[in-house]
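Understanding the architecture of this molecule
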Amino acid sequence: MLLSQCSTGGTGINIYKHILFATDLTELSRNIAPKVNKLAEICEAKISLITVLEQMPNYYYPGVNEAESVASERVQNILAEFADIIQVPKERQHIEFGSVKSSVLSYAERINADLIVVGSHGRHGLARLLGSGANAIVNGAECDVLLIRASE
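Heads up: these notes are all about the structure in this document. Everything quoted here is computed from the prediction, not taken from an experiment.

Here five strands make up an open sheet; going across it, the order is 3-2-1-4-5 and the pairing parallel. Looking at the sheet topology across the chains shown, the edges are occupied by strand 3 (93-97) and strand 5 (144-149). Adjacent strand axes in the sheet meet at a mean angle of 25°, parallel and antiparallel pairs treated alike. Judged from the five bridges that link them, strand 2 (residues 46-53) and strand 3 form a sheet pairing that is parallel. Note on strand 3: the bridge partner recorded for Ile 50 is His 94. The strands that helix 4 (residues 100-110) touches are strand 1 (18-22), strand 2, strand 3 and strand 4 (115-120); relative to strand 2, the one it contacts most, it runs at about 155°.

Structure, rendered in structure tokens:
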């Protein structure tokens, strides 16, 4: 059904034009990347990537700014490799420090994404009850959100 929504019956109007793929850059995210790429291809949409690193309060840990800088550079390299898989250009690759929910949602608004794609690990129990980044994004997004179950 989702794929039929990409194009409205041959009128040439694509419902999804800009897909934001929120990724944690894990192997599970790599497993869903081909699905995101195929969806973008069918919808004739562009893809942007975002990964979010939790920010450490620098008043607790001396030298945290340097650590964030090193982490950001390392993650940038990993994100670039990940982006090569689904052919996302550098200008649409974004790393943010902070909360996953607020970072993804604010970036989606800034770039006018009309679909956010996130992977779901399908965890149950306490982790499910407390919520996850994916759950927070689903509940806070102004645009459509697609959860793709990532198989281990």
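Here Ser 48 is to be found in strand 2. Look at Ser 48 and you get buried, because its relative accessible area is 1%. With residues up to four places along the chain from it excluded, the contact list for Ser 48 reads His 18, Ile 19, Leu 20, Phe 21, Val 88, Arg 92 and Ile 111.

Following the sequence through the fold, Ser 103 ends up in helix 4. Under the relative-accessibility criterion, Ser 103 is labelled buried at 3%. Not counting the four nearest positions on each side in its chain, Ser 103 is found in contact with Ile 50, Val 52, Glu 96, Phe 97 and Gly 98.

The subject of this paragraph is helix 4. Residues of helix 4 that are buried include every one of Ser 103, Val 104, Leu 105, Tyr 107 and Ala 108, and no others. Buried positions along helix 4 lie against strand 1, strand 2, strand 3, strand 4 and helix 6 (133-140). Just downstream of helix 4, Asn 112 is the residue with a positive phi angle, here 60°.

What counts and how
- Residues numbered from 1 in each chain as written.
- Predicted model: local features only at pLDDT ≥ 70, side-chain atom pairs only at ≥ 80, totals over all residues.
- Heavy atoms only, no water.
- Pairing = 2+ DSSP bridges.
- Helix = DSSP H or I, 4+ residues; strand = E, 2+ residues; numbered from the N terminus.
- Axes fitted to C-alpha atoms, helices over the stretch in contact; angles between N-to-C directions.
- Contact = heavy atoms within 4.5 Å.
- Buried < 20%, exposed > 50% of the residue type's maximum accessible area, 1.4 Å probe, protein only.

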